[in-house]
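# Observations on the three-dimensional arrangement
The residues making up each chain are set out below.
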Amino acid sequence: PDRQGAEGEAQSRLAHAAQHRISSAPAGIWYHERMPAHRRAWLAGLALVGLTLLVYAPATRSGFLWDDESFLTENPLIRAPDGLRRLWASTEPPDYFPLTSTMLWFEWRLWGESPAGYHVVNVVLHALSCVLLWRVLLRLAVPGAWLAGAIFALHPVCVESVAWITERKNTLPLVLYLLSLLLCLRAEDEAAGSRRGRLYGASLLVFLLYRFRSKTEDQVLAEAAAQGDGLPKTQTPTLFDYLLLVL
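An account of the accompanying structure is given in this report. Per chain, the residues get numbers from 1 upward, laid out in the order the sequence is written. Predicted model: local features are reported for residues with pLDDT of at least 70 only, side-chain atom pairs are reported and counted for 80 or more only, and whole-chain, interface and lining totals are derived from all residues. Processing note: side-chain calculations cover all non-hydrogen atoms of the structure and skip hydrogens and water entirely.

## What about the packing of aromatic side chains?
The condition that has to hold: Centres within 6.5 Å make a pair out of two Phe, Tyr or Trp rings, where for Trp the six-membered ring is used; the pair is then stacked when the planes are under 30 degrees apart, edge-to-face when over 60, and tilted otherwise. The classification of residues rests on relative accessible area computed with a 1.4 Å probe and restricted to protein chains. Under 20% of the type maximum is buried, over 50% is exposed, and intermediate values are partly exposed. Put simply, DSSP marks the helices as runs of H or I at least four residues long and the strands as runs of E at least two long, and each gets a number from the N terminus on. Remark: a charge is flagged as sitting over a ring if the NZ atom of Lys or the CZ atom of Arg is within 6 Å of the ring centre and within 35 degrees of the ring normal.
The tally for this structure, following the rule as stated, stands at five aromatic pairs. The interplanar angle of 90° and the centroid separation of 5.1 Å between the aromatic rings of Trp 105 and Phe 106 together place this pair among those described as edge-to-face. Residue classification places Phe 106 among the partly exposed residues on the basis of a relative accessible area of 45%. Aromatic side chains Tyr 177 and Tyr 210 sit 5.5 Å apart centroid to centroid with 70° between the ring planes, which places their arrangement in the edge-to-face category. With Tyr 177 in helix H11 (residues 168-189) and Tyr 210 in helix H12 (residues 194-211), this residue pair connects regions lying 33 residues apart in the sequence. Here Tyr 177 matches Tyr 210 in class, with each residue buried. One aromatic cluster is present, built from ring pairs that chain together Tyr 177, Phe 207 and Tyr 210. Directly above the ring of Trp 105 sits Arg 109, whose terminal nitrogen or CZ lies 3.8 Å from the centroid. The aromatic ring of Trp 134 is capped on one face by Arg 135, whose charged end is 4.7 Å from the ring centroid.

This is the structure we're talking about:
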């Protein structure tokens, strides 16, 4: 009993000393331990967005590149008042990217032949992708998820897609790809019920929008689901249904 009492007194002293150090420490050292989790998540996400916008700010001062003219500024379907119908329901487009083309059709009415607006949208889409990538990796319990998102934000391999307006067909679908996956993973973590069904439904809806972007390599999400490539295993059909729908 005497030994237990001595150990208890020692632990009490250590706890008191630790509390004293915390209360006297600079706020920047320990604020994250007291800050609510949702506020830390918001700050981490804003940091990713700010980092991306800062690094890609020069891209917003760029002009049109390579085939931006044929895909956008000189594309009669983008300029035409009835272009939306023709983009979705005709064989006139050389490539069938209806969702991407629809976005550019609306932007043409906003920015016209000024490239800055298109570049800003591309940079913002890339920033959103970085945040979504971080959240997906966090859901999968991957260590260093935020760092992975930051590396993706700054990696030179992304520059071509972000700084080239025509590559909206990469920046836009990646946002939809990751958002669909994140919603599916959130549904996996929910108990059976209406909220889980709504999350699956939202994931499916975003996935359908993603498929309307449709490059051949965009089959990766559905194929990964079919193979169970790292996705949670449940008895409830999830992304495999999407593959069947696409087929």
